Amino acid sequence: MPERRIGITATVPVEILFAAGCTPVDLNNLFINDPDPLGLVSAVEDQGFPQSYCAWIKGIYAVASRDRFGEILIVTQGDCSNTLALSELLAARGLIVYKFAYPYDRQPGQLVAEMAKLADSLGTDLNEATDWLARLASVREKLGELDNLTWQEYKVMGEENLKWLVASSDFQGNPESFERKLDEFLNEARERVPKKPGLRLALTGVPPILGDLYEVLATLDAGVVLNEMPRQFSMPDATGNLAETYLAYTYPYDIFHRLDNLEREVKRRKVDGILHYVQSFCYRQLGEMLMRERIDLPILTVEADRPGEVSDAMKTRLEAFIEMLKMGKSSFDNG
Ligand code: SF4
């Protein structure tokens, strides 16, 4: 039987896709790992996408059209304010579009109903999807170990942590081979000499579109010990129940549940400061006001529009922020 690839625009209950015999492909990952993501953005702007539109949406549209995905699963609630318009555009281009809506108020019954509807439209059911939840438990546990090796043992760098956790939205289409590669990586990482950074940062918000952000931070002796959203994509609080697992996922619901989780994690990981990554033209930027009110740590906003490198102006701001954190830390350490 030919492979049935389904493009996904955000993290979804991927167990349902595996149960239906589909291969999920996270279009965000496909876009950002392309050799020329900026070229993809420019190409769709030439086709009529407005400049003042999120580059991730442009990238998703670009790879979905270029790679001829016949079917696409779009999260229409709980991900992005632009996805309904995107779904119309892709439907008009001939793609079969499935929709999935996370209930804003985390209502369990509604989430189960949405999952059942998706399962039914793909030709499976929630019992089969729950079997897949059990099959994915060991790989998710290993991703948890990778995360611990980042913030407890300093053997996994923040950028490596990001790479693995982000990839868990679709397990690169093949959980078995993903797990084998992860085993190899963990075997090597466990043997490393710890590299403790001078400062412990959390990177909150959507995954950054900037290729060298972690490199720049490393030159300033600052390490990312929490990648907030990528960690969420790996379902760190998964249980044996599908609905419980996706209700614990903090990204798609109200921000208060997310901030509870963030507050807990930054305390547990003894984070010194937060870099809040925001994407230009993204509605989620507004949430930063509440993050600042709630989290008692210095926060620097890092905003970018297009794929590329950290600008000189941003480097200067990062240096100043990190210097300020280091000074605060040393005066605290000195009593
Ligand atoms: S960064 Fe914001 S606007 Fe862009 S796709 Fe993500 S949620 Fe949507």
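One can find the structure itself at the top, above this paragraph.
This text gives an overview of the structure that appears in the document. Just so you know, the residues in each chain are numbered from 1, in the order the chain's sequence is written. Only residues with pLDDT of 70 or above have their local features reported here, since the model is predicted, and side-chain atom pairs are shown and tallied only from 80 upward, although totals for entire chains, interfaces and linings are computed over all residues.

1. Focus on the overall build of the protein
In plain terms, the rule: The secondary structure listing takes helices from DSSP runs of H or I that are at least 4 residues long and strands from runs of E that are at least 2 residues long, numbered from the N terminus. For the radius of gyration, the atoms used are the C-alpha atoms, and the globule rule reads 2.2 Å times the number of residues raised to 0.38. We call two residues in contact if the C-beta atoms placed from their backbones are at most 7 Å apart.
The helix and strand inventory of the protein stands at 16 helices and eight strands. In terms of overall size, the protein behaves like a compact globule, its C-alpha atoms giving a radius of gyration of 20 Å where 335 residues would be expected to give roughly 20 Å. With the C-alpha coordinates of the protein rotated into their principal frame, the extents come out at 65 × 45 × 40 Å. In the protein, 71% of the contacts between residues at least 6 apart in sequence involve partners at least 24 apart.

2. Looking at the sheet that holds strand S8 (residues 299–304)
Backbone hydrogen bonds are what pair the strands of a sheet, in a parallel or an antiparallel way. For clarity, the threshold we go by: For two strands to count as paired, DSSP must find a minimum of two bridges between them. Fitted lines through C-alpha atoms serve as axes, helices being fitted only where they are in contact, and the angles separating the N-to-C directions of these axes extend from 0 to 180 degrees.
Pairing is parallel in the open sheet, where four strands are placed in the order S6-S5-S7-S8. Each of the sheet's edge strands pairs with one partner strand only, and the pair in question is strand S6 (222–227) and S8. Across the sheet, the axes of successive neighbouring strands diverge by a mean angle of 30 degrees, strand direction being ignored.

3. Thoughts on the packing of helix H14 (residues 255–268) against helix H15 (residues 287–294)
Where we set the bar: Note on angle classes: values under 35 degrees are labelled roughly parallel, values over 145 roughly antiparallel, values of 65 to 115 roughly perpendicular, and the remainder oblique. The handedness criterion is simple: a crossing whose near helix is rotated anticlockwise from the far helix by less than a right angle is left-handed, and one whose near helix is rotated clockwise is right-handed. Following the grouping adopted for this structure description, the nonpolar residues are Ala, Val, Leu, Ile, Met, Phe, Trp, Tyr, Cys and Pro, the charged ones are Asp, Glu, Lys and Arg, and the polar ones are all others, Gly among them.
Their axes nearest at 11 Å, the elements H14 and H15 cross at an angle of 40 degrees. Considered as vectors, H14 and H15 are oriented oblique to each other. In this structure, H14 meets H15 at a crossing whose hand is right-handed. Across from Ile255, Leu259 and Glu263 in H14, the residues of H15 making contact are Gly287, Leu290, Met291 and Arg294. Its residues assigned to classes, the contact of H14 with H15 shows four nonpolar, one polar and two charged.

4. Considering the site of the ligand
Short version of the rule: Nearness here has a simple definition: the residue's C-beta atom, placed using the backbone, must lie within 6 Å of the molecule or strand.
Near the ligand, the surroundings consist of Cys54, Trp56, Ile57, Cys80, Asn82, Val206, Gln279, Cys282 and Arg284. For the shell around the ligand, the class distribution of residues is six nonpolar, two polar and one charged.

5. With respect to the sheet that holds strand S3 (residues 71–77)
On the basis of which strands lie adjacent, the open sheet formed by four strands has the order S2-S1-S3-S4 and parallel pairing. The open sheet is flanked by strand S2 (22–26) and strand S4 (96–101), the only strands paired with a single partner. Pairwise comparison of adjacent strand axes, ignoring direction, gives a mean angle of 30 degrees for this sheet. Of the strands in this sheet, S2 and S4 touch helix H6 (residues 108–122), which is tilted by about 160 degrees from S4.

6. A closer look at helix H4 (residues 55–66)
To keep things clear, this is the line we draw: One less than the number of residues in a helix, times 1.5 Å, gives the span that helix is expected to have. Neighbour counting defines burial: a residue surrounded by 20 or more other C-beta atoms within 10 Å of its own C-beta is buried, one with 12 or fewer is exposed, and intermediate counts give partly exposed, using backbone-placed C-beta atoms.
Here H4 contains twelve residues, and its C-alpha end-to-end distance of 16 Å stays within 8% of the 16 Å for a straight helix at 1.5 Å per residue. Here H4 lies mainly inside the structure; ten of its twelve residues are buried. Listed as buried for H4 are Ala55, Trp56, Ile57, Lys58, Gly59, Ile60, Tyr61, Ala62, Val63 and Ala64. Of the surrounding secondary structure, the elements contacted by the buried residues of H4 are strand S1 (4–8), helix H2 (27–32), helix H3 (37–46), S3, helix H5 (83–92) and strand S7 (273–279). Downstream of H4 by one or two residues, Arg68 has phi in the positive range, about 50 degrees.

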